[in-house]
Amino acid sequence: MGLVSLRRSAGCVLAGLLYLFVASGVVADTKPLKLNTTADHSKFKELQREFQSGPDVTKACLSCHTEAAGQVHRTKHWKWEFLHPASGQKLGKKEVLNNFCISIASNYSACTSCHVGYGWKDASFDFKSEENVDCLACHDTTGIYKKPPGLAGNPVVKDMELPPGSGKIVKGIDITKVAQKVGKSSRDNCGSCHFYGGGGDGVKHGDLDSSLAAPDKELDVHMDATGLDFTCATCHKGSSHDVAGSRYTPTAMDKGGAHMRGKDDKSNPATCVSCHDAAPHKQDARLNNHTGKIACQTCHIPEFARGGVPTKMSWDWSKAGERDAEGKHVVRKDAKGHIIYESRKGAFELGENVKPEYFWFNGDVNYTLATDKVDKTDGITRINWLGGSPDDGKSMIWPVKVFRGSQPYDPVNKTLVKPHTAGNDDTGYWKNLVWDKAIEVGMKDAGLPFSGKVDFVKTEMFWPITHMVAPKEKALACTECHSKNGRLAGIAGVYIPGRDANSLVDTFGWGIALFSLVGSVGHGLMRIASRRKHEEKENG
Amino acid sequence: MVERVYIFKGFERFWHWSQAALIMFMMLTGFEIHGSYALFGFEKAVGYHGIAAWTLIGLWVFAIFWHLTTGEWRHYIPTMEKVLVVAQYYSSGIFKHEPHPFKPSQLNKHNPLQRLTYLGVLLFVSPLIWITGWLYLFYGNWMAWGLTSLKLEWVATGHTIGAFLMLAFFVSHLYLVTTGHTVTAHIKAMITGWEEVESSDAANAQAGTEKSLNNQPWSPS
């Protein structure tokens, strides 16, 4: 019996080895197989030709991906417009203004270098055009696809002077190569715009900059290029070209729990909870007590702008306009070489490794639009503000980058204004440093009134922080909040052990403890004294 | 003349000292959590406080069992008898070197003031700390338990009040330990079980209470 089974198993081993040998021979015979896609676009005959422009490529894409343009047309990435379902405010990049470069009205050619389209150079852009959808902005895998400001979202296909008359030659890119190598969106695709919001690397968000193109674990535990290596779309998972996650209707409190395959789940897939559930702390379950009131981001993003790229913390447009002795624009840099003053933009403050500010946030984001009344005497104008309170059952404590600035407004009409900044013309502020002309053109383009008077008003914008998630070892230590002057010192409506105490109870409590002590000591001293007397009496 | 009386049994002494250690440790960690000082660091303090709490709960399970099965719980039945006499002793007699009006025995370990104090601790301070402490521990379950309108602030404040009362008790208790026949008589009793008492005319003072206790069926003969 034993011999038979031994033989049998020896036979099995031999058969296994034979199989391995044959199998490896088979593998060696086949060509390298791509496993991350079913289509190698470089093999498609539709792409085997020279392309002359962006729309030229798009037409080729649409010959197979027949629904793609229509899908993109429905998105914020295309429309730059968003009708807020609750407030009814018409938002989106096309409508809102901010306290960075302020507004895109009359500045389309520059701003739309980040539009997923071609040719949006003024308000007359045709949003129904299919061939003007830019597929490459999100699907380039070569890294050579660039859309410089000033060309209304078009890439440079042939060498050209840009800006015209500057003498600077921008080299044309090989758009045919780009077209043949399209693939899934990477961090670089999203980052080519979202890392550079506000006009430069890391300027706007603080938690999104070029350091996230290939971050280490310390900077982002999910995107860690040598670890989990998430792309943006791993969390911002969408379908039909509609990318999940929104700054206009963010999910402040996700009550849905982790998503499950097959379950019809319409909730935002980009939240932490959508993967981690609302009770994610397995080792120290006590931490789950925090998840009802504190956004994951509050503890797990201890600081933003951690990747070595500074973010702008303030922008004072009222300081813009300086000229040197020769009448030229002035640029001043800090010790690290970062610009802190520009004649065309004003004065900046930069920050790295910035501790966020914290607010109750229920997901409501409201905007002050150029049609809303603004009064300088009210103090600071909040260009956007976050709804939330400790008691509404919808709010969590969130980390926020508060961006502070000073920007032009119309003191007669009492509105914020949309100046014409970018543009190689006689009215663009960045060229001529004249406010009233620039604002007149910008407001006219936006179809808004302008009195001709210019003043400056202090503004604030609120940017909830959600990227640059640190590894758990680097999450906030307890005492960052559980202490008298911790990070949540200004947060009302929640009892934080270590921060809060009822002063009456404390006074009374230490009082009776002290009373006991004093009483005991007094009693003891009297006993000692009486004993001496007693002993004297006995001895005497 | 000094007489030695066996008062505290083995388990009782173990209970007392382990509970004393736990409560002291919990006051130490608890007031750190409260924000009164920094010692272990908040995170460790919370961890230690929790471990000590569960240990104390375990100890209490045994202690309650012991008290119920041995009938020792009767030592905490309050009595007003001789309360004034004992109070008078501590407020004046003790200074005149008078003997203690109460003589402890196995049947009657605690003087009437002790009985009242310990009962107060048992009926008021402990439940306050325990109930709020449990709620604190299970904060994450409040929603599931339907405690939707409970506020952590109330629970924490109640817990803190309890802690302060315990601290005041602790301070007085530490001092009163020294008021025995000698300064160390009481503490020796809690270590060895044997209390030294002055036997002069204290027996009379004790007689009254002992009589009532002697009638109990559980009394050892």
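In this text the structure is predicted, and so the values were computed from the model without any measurement.

A. Layout of the overall build of chain A. Across its full length, chain A carries 14 helices and 15 strands. Its C-alpha radius of gyration of 31 Å places chain A more than 25% over the 24 Å reference for a compact globule of 540 residues. Viewed in the frame of its principal axes, chain A has a C-alpha envelope of about 125 × 105 × 45 Å. Taking all 540 residues of chain A together, 35% fall into the buried category. Put simply, 65% of the contacts in chain A that link residues at least 6 apart link residues at least 24 apart.

B. Summary view of the overall build of chain B. Scanning chain B from N- to C-terminus turns up eight helices and two strands. When its helices and strands are written in sequence order, chain B yields β-α-α-α-α-α-α-α-β-α. Counting contacts in chain B only where the partners sit at least 6 residues apart, residues at least 24 apart contribute 71% of the total.

C. Layout of the packing of helix 3 (residues 83-91) of chain B against helix 4 (residues 112-137) of chain B. Residue and element names in this part refer to chain B. Where helix 3 meets helix 4, the closest approach of the two axes is 8 Å, and the angle between their N-to-C directions is 100 degrees. Compared by their axis directions, helix 3 and helix 4 come out roughly perpendicular. Only Pro 112, Leu 113 and Leu 116 of helix 4 make contact with helix 3, whose side of the interface consists of Val 83, Val 86 and Ala 87. Broken down by class, the residue content of the contact of helix 3 with helix 4 amounts to six nonpolar, no polar and no charged.

D. Geometry of the domain arrangement of chain A. The domains assigned to chain A are domain 1 (37-197) and domain 2 (501-540). One C-alpha centre belongs to domain 1 of chain A, the other to domain 2 of chain A; they are set 83 Å apart.

E. Seen up close, the interface of chain A and chain B. Contact with chain A, which involves 27 residues of that partner, is made by 24 residues of chain B. Per-class residue counts for the side of chain A that touches chain B are ten nonpolar, 14 polar and three charged.

F. Summary view of the nonpolar core. Residues and elements named next belong to chain A. Ranked by internal contacts, the top residues of the largest apolar core, which has 72 residues, are Phe 359, Phe 361, Met 396, Ile 397, Trp 398, Val 417 and Ile 439. Filtering out sequence-adjacent residues up to four positions away, Val 417 remains in contact with Ala 370, Pro 408, Tyr 409, Asp 410, Ile 439, Gly 442, Met 443 and Phe 450. Counting 18 residues, the second-largest nonpolar core is a separate cluster that includes Ala 69, Val 72, Leu 136 and Cys 138.

G. Up close: the environment of Gly524(A). Here Gly524(A) is to be found in helix 14 (residues 503-539). For Gly524(A) and Glu480(A), which are 44 residues apart along the polypeptide, the C-alpha to C-alpha distance reads 44 Å.

H. Geometry of the confidence of the model for chain B. All names here are of chain B. Averaged over every residue, the pLDDT of chain B is 85; the share at 70 or more is 89%. Helix 8 (residues 202-214) is the least confidently modelled element of chain B, averaging 41 in pLDDT, while helix 1 (residues 10-33) averages 96, the highest of any element. This stretch, residues 202-221, has a pLDDT under 50; its non-local contacts, to residues over four places away or in other chains, come to 28 contacts. Scored by ipTM, the complex comes to 0.84, with pTM at 0.87.

I. Fine view of helix 13 (residues 435-446) of chain A. Residues and elements named next belong to chain A. The first and last C-alpha atoms of helix 13 sit 16 Å apart over twelve residues, in line with the 16 Å expected at 1.5 Å per residue. Those residues of helix 13 that sit buried are Trp 435, Ala 438, Ile 439, Glu 440, Val 441, Gly 442, Met 443 and Ala 446. Among the structural elements, strand 13 (396-410) and helix 12 (429-432) are those in contact with the buried residues of helix 13. Gly 447 lies just past helix 13 and shows a positive phi near 70 degrees.

J. Quick look at the packing of helix 14 of chain A against helix 6 (residues 152-176) of chain B. With their axes 9 Å apart at the nearest point, helix 14 of chain A and helix 6 of chain B run at an angle of 5 degrees to one another. The angle between helix 14 of chain A and helix 6 of chain B places the two elements in the roughly parallel class. In this structure, helix 14 of chain A contributes Val505(A), Gly509(A), Ile512(A), Ala513(A), Ser516(A), Leu517(A), Ser520(A), His523(A) and Gly524(A) to the contact, and helix 6 of chain B contributes Thr157(B), Thr160(B), Ile161(B), Phe164(B), Leu167(B), Ala168(B), Val171(B), Ser172(B) and Tyr175(B). Looking at the contact of helix 14 of chain A with helix 6 of chain B, its residues break down into ten nonpolar, eight polar and no charged.

K. Inspection of the pairing of strand 8 (residues 346-351) of chain A at higher detail. All names here are of chain A. As paired strands, strand 5 (residues 311-316) and strand 8 are joined by five bridges and run antiparallel to one another. Note that in strand 8 the partner of Thr 311 across the bridge is Gly 351. The sheet contact formed by strand 7 (residues 339-342) and strand 8 spans two bridges and is antiparallel. Residue pairing in the sheet places Glu 342 in a bridge with Gly 346 of strand 8. Counting the residues between successive antiparallel strands, the hairpin from strand 7 to strand 8 contains three residues.

L. Expanded view of the environment of Gly183(A). Residues and elements named next belong to chain A. Residue position: Gly 183 is located in the loop between helix 7 (175-180) and helix 8 (187-194). Overall, the presence of 16 C-beta atoms within 10 Å leaves Gly 183 in the partly exposed class. Leaving out residues up to four positions away in the same chain, Gly 183 has contacts with Thr 37, His 139 and Thr 141.

M. Examining unusual backbone geometry more closely. Cis rather than trans, the peptide bond between Leu162(A) and Pro163(A) has omega equal to -10 degrees. Here the phi dihedral of Asp277(A) falls at roughly 70 degrees; this positive angle occurs in a residue that is not glycine.

N. Fine view of the environment of Gly292(A). Residue and element names in this part refer to chain A. Here Gly 292 shows up in the loop between helix 10 (273-276) and helix 11 (296-300). Taking the C-beta count within 10 Å as the criterion, Gly 292 has 15 such neighbours and is therefore assigned partly exposed. Expressed as a C-alpha distance, the spacing of Gly 292 and Ala 278, which sit 14 residues apart in the sequence, is 8.1 Å.

What counts and what doesn't
- Residues numbered from 1 in each chain as written.
- Chains lettered and ligands numbered in written order.
- Predicted model: local features only at pLDDT ≥ 70, side-chain atom pairs only at ≥ 80, totals over all residues.
- Helix = DSSP H or I, 4+ residues; strand = E, 2+ residues; numbered from the N terminus.
- Rg over C-alpha atoms; globule rule 2.2 N^0.38 Å.
- Buried ≥ 20, exposed ≤ 12 C-beta atoms within 10 Å, placed from the backbone.
- Contact = placed C-beta atoms within 7 Å.
- Axes fitted to C-alpha atoms, helices over the stretch in contact; angles between N-to-C directions.
- Parallel < 35°, antiparallel > 145°, perpendicular 65-115°, else oblique.
- Nonpolar A, V, L, I, M, F, W, Y, C, P; charged D, E, K, R; others polar.
- Domains from an automatic or database assignment.
- Core = buried A, V, L, I, M, F, W, Y, C linked by C-beta atoms within 7 Å.
- pLDDT = per-residue confidence, 0-100.
- Expected span 1.5 Å × (residues − 1).
- Pairing = 2+ DSSP bridges.

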